[in-house]
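# Topology and contacts: notes
Now for the letters of each chain:
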Amino acid sequence: MPDSPDLTESLCPQCLRRIPARRITENGSVYLEKSCPAHGYLGKALLWNNAPRSYSEWERPLDKNVPRNREKEPSPPPGYPLRCGLRPDHKQRTCTAVIEATETCNLRCPVCFASSPGAPAKDPKKEEIARMLRSLLDAGGPCTVQFSGGEPTLRDDLPELVALSRKMGFDHLQINTNGIRLAEDADFGRALADAGASVAFLQFDGVDDSVYKRIRGAGLFETKQRTIERCAELKLGVILVPTLLKGVNDDHIGRIIRFARKWVPVVKGVHFQPMTYLGRYPGKPRNEARLLIPDILDAIEKQTLGELKVENFIPPGCEESHCSFSALAVLGKDGRLIPTTHFDSVRRSRPCCSEDYARRSIDHVRSRWRYMEPGPMPILPGNRAGSGPAPEDDLFERIRSHSLSISGMAFQDAWNIDLERLERCCVHVVTPEGKRVPFCAYYMTGTRGRRLYPARKEY
Ligand SMILES: [Zn+2]
């Protein structure tokens, strides 16, 4: 990678070749500017707005999380890292491994990072998935596994795949789902929970049907509520995962958080994903149409009327800092969220350069993103009335069972991808051959639907 802090590499959206790029700052906003030798000047893609947190404020230093588990090729062939798994100098190990259990889907969303065809497709066999899981063990040990798709619940043997993963030592298993089958098929939900699924990573774009009709092509709000009720019965934790589109549902951010608050403890978190131009998307992105992490932080504070503030959100220590944000809150006795994270405290305690850092991140997700038996109401500062167990015990119990994590991740597309960022990616898709590919590289889609990974269609 180039030495200058402003120089990096990117891709050409037309030919998907690696090309030089530079980050430039104009009026406080940061852009990625690039040209392709074959396709000329490609303009400036907006990466970050200046307020309420600037690009440099949001930076966290690189941790030395050199993975034990990089691919073994001695020298990268041309096109690395984008076609061949993790390149030898990849800087982060796998925290979450995504396994595409199927390409089949029961929705045909206008926006879909996996551009799932909807029609029946050839799914990887159970033995092939076992091989993918084994490759993860060989590469460094159990991590979080997310079964994705397509719609993974359309596989009748998903509970078996979950049980198999458990047996192999994976103990945090997420199901990335639209929730339709969980809402409608009680036996299937029960089988999934019994097999050891940890959490439903539930597509949840808003709190009324108008949003679903626009983004998913169907009114699904009632279905989503039924899914959550079912998960509560099954004691299966739920993470609400809104895809945010500017001008469509960015005004639902506060309402989604209030909805989540009502459903604690079964709802364990909200994980916002601003729309990214991967897979199936409506066309070339305009900078003005992009919703950035600073915009979302600002909207959270405004739309929750300050219940959660920008200062409660911290950059990640695991993936590249500009990829995500998070805050943790506990639900208080009065039904309001009490944030327990603070930007300044993270700035003061820079992450240590230890091998264990990624492991701690994984443990954090494990402990926060799964169902816990409800604990007693907390006795919090300013609310000390009450007797019984020591206040610290109460609070500990309450944090354990009634925490809500509010987080988000901004994926990169062919226009704004910064390959320095990609080097720190910890969310990896496992290919049928057992290679691990950074999420955004795997789903990278250029103009005219050109993919870096056409091979994924050839199960
Ligand atoms: Zn080009």
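Rules used in this analysis
Residues numbered from 1 in each chain as written. Predicted model: local features only at pLDDT ≥ 70, side-chain atom pairs only at ≥ 80, totals over all residues. Helix = DSSP H or I, 4+ residues; strand = E, 2+ residues; numbered from the N terminus. Buried ≥ 20, exposed ≤ 12 C-beta atoms within 10 Å, placed from the backbone. Contact = placed C-beta atoms within 7 Å. Pairing = 2+ DSSP bridges. Expected span 1.5 Å × (residues − 1). Arc of directions from axis to C-beta. Axes fitted to C-alpha atoms, helices over the stretch in contact; angles between N-to-C directions. Parallel < 35°, antiparallel > 145°, perpendicular 65-115°, else oblique. Left-handed = near helix turned anticlockwise from the far one by under 90°. Nonpolar A, V, L, I, M, F, W, Y, C, P; charged D, E, K, R; others polar. pLDDT = per-residue confidence, 0-100.

## Points about the overall build of the protein
Looking only at helices and strands, the protein features 13 helices and 16 strands. In the protein, which comprises 459 residues, the proportion classed as buried is 47%. Put simply, 72% of the contacts in the protein that link residues at least 6 apart link residues at least 24 apart.

## Side note on the pairing of strand 9 (residues 237-241)
In terms of residue burial, strand 9 counts as a mostly covered element, since five of its five residues are buried. Alternating positions in strand 9 separate into two faces, Gly 237, Ile 239 and Val 241 on one and Val 238 and Leu 240 on the other, with burial throughout. Of the strand pairs in this sheet, strand 9 and strand 11 (residues 267-274) are connected by three bridges, and their pairing is parallel. Residue pairing for strand 11: Ile 239 is matched across the bridge by Gly 269.

## A look at helix 1 (residues 126-138)
Between its first and last C-alpha atoms helix 1 spans 18 Å; for 13 residues at 1.5 Å apiece the expected length is 18 Å, and the two agree. Residues of helix 1 that are buried include every one of Ile 129, Met 132, Leu 133 and Leu 136, and no others. For helix 1, the buried positions fall inside an angular range of 95° around the axis, keeping them on one side. Along helix 1, exposed side chains directed more than 90 degrees from the buried face belong to Glu 127, Arg 134 and Asp 138. Looking at the buried side of helix 1, the elements it contacts are strand 5 (96-100), helix 2 (158-167) and strand 15 (427-430). Count one or two residues on from helix 1 and you reach Gly 140, which has phi positive near 155°.

## Points about the sheet that holds strand 2 (residues 18-26)
The antiparallel open sheet is built from four strands, whose spatial order is 1-2-3-4. At either margin of the open sheet sits one strand with a lone partner, and together these are strand 1 (7-11) and strand 4 (40-48). Strand-to-strand twist in this sheet, taken as the mean axis angle between neighbours without regard to direction, amounts to 35°. The sheet contact formed by strand 2 and strand 3 (residues 29-36) spans six bridges and is antiparallel. Across the sheet, residue Ile 24 finds its bridge partner in strand 3, namely Tyr 31.

## Concerning the pairing of strand 3
Hairpin connection between strand 2 and strand 3: a loop of two residues separates the two successive antiparallel strands, and Asn 27 in this loop has a positive phi of roughly 50°. Of the strand pairs in this sheet, strand 3 and strand 4 are connected by six bridges, and their pairing is antiparallel. Paired with Ser 35 across the strands is Tyr 41, a residue of strand 4. Hairpin geometry of strand 3 and strand 4 is characterised by an intervening segment of three residues between the two adjacent antiparallel strands.

## Examining the packing of helix 1 against helix 2
Contact geometry of helix 1 with helix 2 gives a least axis separation of 11 Å together with a crossing angle of 30°. Judged on the interaxial angle alone, helix 2 and helix 1 are roughly parallel. Considering only the axes of helix 1 and helix 2, their crossing is right-handed. Side by side, helix 1 and helix 2 meet where Lys 126, Ile 129, Ala 130 and Leu 133 of the first sit next to Glu 160, Leu 161, Leu 164 and Ser 165 of the second. Here the residues of the contact of helix 1 with helix 2 are counted per class, giving five nonpolar, one polar and two charged.

## Focus: the confidence of the model for the protein
When the pLDDT values of the protein are averaged, the result is 84; 80% of them are 70 or greater. Note that residues 350-355 has pLDDT below 50 and, in this model, eight contacts with residues that lie over four places away or in other chains.

## Points about unusual backbone geometry
In this model, Ala 51 is joined to Pro 52 through a cis peptide bond whose omega is 0°. With respect to the helices and strands, the residue Pro 52 is situated in the loop between strand 4 and strand 5. Geometrically, the link from Gly 149 to Gly 150 is a cis peptide bond, its omega value of 10° lying close to zero. Relative to the assigned elements, Gly 150 resides in the loop between strand 6 (144-148) and helix 2. Here Leu 16, not a glycine, exhibits a phi torsion of approximately 60°, which is positive. Here Leu 16 lies in the loop between strand 1 and strand 2.

## Topic: helix 5 (residues 209-216)
Those residues of helix 5 not exposed but buried are Val 211, Tyr 212, Ile 215 and Arg 216. All buried residues of helix 5 project into a common sector of 95° when viewed along the axis, lining one side. As for helix 5, its buried residues are in contact with helix 6 (221-234) and strand 10 (243-244). Note on helix 5: the residue one or two positions beyond its end, Gly 217, has a positive phi of about 75°.

## Focus: the environment of Ala 183
Here Ala 183 shows up in helix 3 (residues 180-184). A tally of 20 C-beta atoms within 10 Å means that Ala 183 is categorised as buried. Sequence separation of Ala 183 and Thr 223 is 40 residues, and the distance between their C-alpha atoms is 6.2 Å. Apart from the residues lying within four places of it in its own chain, the contact partners of Ala 183 are Thr 223, Arg 226, Thr 227 and Arg 230.

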